[in-house]
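Architecture and fold: a report
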Amino acid sequence: MKTVKVLGCQMMVEEDKKMNLEKAEEMIARGIRKYQPDIIILPEMFNTPYDNSYFPEFSEAYGGDTTLKIQKLAKEQGVMIIAGSIPEQGEGEKEIYNTTYVFGSKGELLGKHRKIHLFDIDIPGKITFKESDVLSPGEEITVLDTKFGKIGIAICYDVRFPELFQIMEKEGARLVVIPGAFNTTTGPAHWELLMRSRALDNQVYVAAVSPARNSKASYQAYGHSMIVDPWGRILDELEEKEGFLYRELDIDYLHQVRGELPTRKNRRVSLYDTIKK
Ligand SMILES: NC(=O)CC(=O)C(=O)O
């Protein structure tokens, strides 16, 4: 596949799960009519407010309302859907993960990614959030082999860990999808910088999709969903409001960048034994 059409839905997330699923369905249908994308991406925690106090109640095991709905939509609409993330009920009684499910265009489950790095932040007077109070961390790196090529998945805070992206690139990822919900403190400071850095470091496409900012919510999402190319250039970006992010990605261009500026080949990995296990 030489090009792939990617659509992100920067949707408003409310306190009502049913409304959130209806919103996702409505934006998916509208986005398909307007753009005929190959891949649709939803935001991090798209069925629940991004707030620890909601995660247990809104959590579901695979086969719950959210995955059933998205799976059905993927099949009916014949489109691959990277379903942002939801609080997933794990195997243990109190285990909840922040999980992305990915469905192919026949509704088949292609895979899932559980957020590996939990977001614990404490900036006095600005933002305190501790995912690890409620969520459990994923233990696996996710690169899915799809008909559009290999796609890596990372969720939000995962983007701050460059080693993860190097491994995904090494495993063949050409596009990394990042459902993410930065906030109004870290977003302006780091969101663009990180998305562009991960794309440039690894010479991959990055598509990062946030919820829209909801002024009534306890957590103010930054928005600014963006697609970045392997040269580090922003191809499309939203502001904080609801909307669609769209681009057709050219895989030949990725090979061109890698040929012209062969940083991956020029690595001196024998000198980089920096991480002690
Ligand atoms: N919400 C997150 O997981 C991460 C984030 O907001 C940040 O890293 O900043």
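Our subject is the structure listed above.
About the cut-offs
Residues numbered from 1 in each chain as written. Predicted model: local features only at pLDDT ≥ 70, side-chain atom pairs only at ≥ 80, totals over all residues. Heavy atoms only, no water. Helix = DSSP H or I, 4+ residues; strand = E, 2+ residues; numbered from the N terminus. Buried < 20%, exposed > 50% of the residue type's maximum accessible area, 1.4 Å probe, protein only. Pairing = 2+ DSSP bridges. Axes fitted to C-alpha atoms, helices over the stretch in contact; angles between N-to-C directions. Contact = heavy atoms within 4.5 Å. Patch = residues over 30% accessible without salt bridge, like charges linked within 9 Å, V, L, I, M, F, W, Y side chains within 5 Å. Areas by Shrake-Rupley, 256 points an atom, 1.4 Å probe, with all protein chains shown as cover. Salt bridge = Lys/Arg side-chain N within 4 Å of Asp/Glu carboxyl O. Phe/Tyr/Trp six-rings, centres within 6.5 Å; stacked < 30°, edge-to-face > 60°. Lys NZ or Arg CZ within 6 Å of the ring centre and 35° of its normal. Near = heavy atom within 4 Å. Polar contact = N/O pair within 3.5 Å; in protein donor to acceptor, adjacent residues only side chain to side chain. Nonpolar A, V, L, I, M, F, W, Y, C, P; charged D, E, K, R; others polar.

A closer look at the environment of Asp-273
Following the sequence through the fold, Asp-273 ends up in the segment after helix H6 (251-260). We classify Asp-273 as exposed; its relative accessible area is 61%. In this structure the C-alpha to C-alpha distance between Asp-273 and Ile-41, which are 232 residues apart in sequence, comes to 35 Å.

A look at the sheet that holds strand E8 (residues 142-146)
Pairing is mixed across the open sheet formed by six strands, whose spatial order is E8-E9-E10-E11-E12-E13. Whereas interior strands pair on both sides, the edge strands pair on one side only; in this sheet they are E8 and strand E13 (234-237). Taken pair by pair, the neighbouring strands of this sheet meet at an average axis angle of 15°, ignoring direction. Docked against the sheet, helix H4 (residues 162-170) engages E8, strand E9 (149-153) and strand E10 (175-179), running at close to 140° with respect to E10. Sheet strands touched by helix H5 (residues 186-202): E10, strand E11 (205-209), strand E12 (226-228) and E13. Its angle to E12, the strand with the most contacts, is close to 30°.

Focus: a nonpolar patch on the surface
A surface patch of nonpolar side chains, about 340 Å² in accessible area, is lined by Val-269, Leu-271 and Tyr-272. Structurally, Tyr-272 can be placed in the segment after H6. Judged by its relative accessible area of 44%, Tyr-272 is partly exposed.

Some remarks on the environment of Gly-149
Note that Gly-149 resides in strand E9. Taking the C-alpha atoms as reference, Gly-149 lies 8.5 Å from Gly-172; in sequence the two are 23 residues apart.

Observations regarding the packing of aromatic side chains
As enumerated under the stated definition, the model contains 14 aromatic pairs in all. Relative to Tyr-101, the ring of Tyr-62 has its centre 5.5 Å away and its plane inclined at 25°; by these criteria the two rings are stacked. You can see Tyr-62 sitting in the loop between helix H2 (55-58) and helix H3 (65-77) and its partner Tyr-101 sitting in strand E4 (residues 96-103), a full 39 residues away along the chain. Look at Tyr-62 and you get partly exposed, because its relative accessible area is 40%. Residue classification places Tyr-101 among the buried residues on the basis of a relative accessible area of 2%. Ring geometry for Tyr-101 and Phe-103: centres 6.4 Å apart, planes at 15°, overall stacked. This pair shows no difference in class: Tyr-101 is buried, exactly as Phe-103 is. Aromatic ring contacts, followed pair by pair, group Tyr-50, Phe-55, Phe-119, Phe-129, Tyr-157, Phe-161 and Tyr-219 into a single cluster. Above the face of the Tyr-97 ring, Arg-114 is positioned so that its terminal group lies 3.7 Å from the ring centre.

With respect to the pattern of salt bridges
Any two side chains of opposite charge can pair, given that their charged atoms come close. Tallied over the entire structure, the rule returns 20 salt bridges. Across the salt bridge formed by Lys-216 and Glu-14, the nearest N and O atoms sit 3.7 Å from each other. Residue Lys-216 is found in the loop between E11 and E12, and its partner Glu-14 is found in the loop between strand E1 (3-10) and helix H1 (17-35); the two are separated by 202 residues along the sequence. Owing to a relative accessible area of 22%, Glu-14 belongs among the partly exposed residues under this scheme.

Let's talk about the site of the ligand
All residues in the neighbourhood of the ligand are listed as Tyr-50, Lys-115, Phe-119, Cys-156, Tyr-157, Arg-160, Ala-181, Phe-182, Asn-183, Thr-186 and Tyr-219. Side-chain polar atom of Arg-160 to an oxygen atom of the ligand: 2.6 Å apart, as the coordinates give it. Taking Thr-186, its side chain carries an N or O atom lying 2.7 Å from an oxygen atom of the ligand. Across the complex, the protein chains shield 100% of the 270 Å² of accessible surface that the ligand would expose by itself. Here the shell around the ligand is composed, by residue class, of seven nonpolar, two polar and two charged.

Focus on the sheet that holds strand E2 (residues 39-41)
Reading across the sheet, the six strands line up as E5-E4-E3-E2-E1-E14 and stay open at both edges, with mixed pairing between neighbours. The outermost strands of the open sheet, each flanked by one partner alone, are strand E5 (109-114) and strand E14 (243-250). Across the sheet, the axes of successive neighbouring strands diverge by a mean angle of 25°, strand direction being ignored. Sheet topology note: the E4/E5 ladder contains five bridges and is antiparallel. For Thr-99, the partnering residue across the bridge sits in E5 and is Arg-114.

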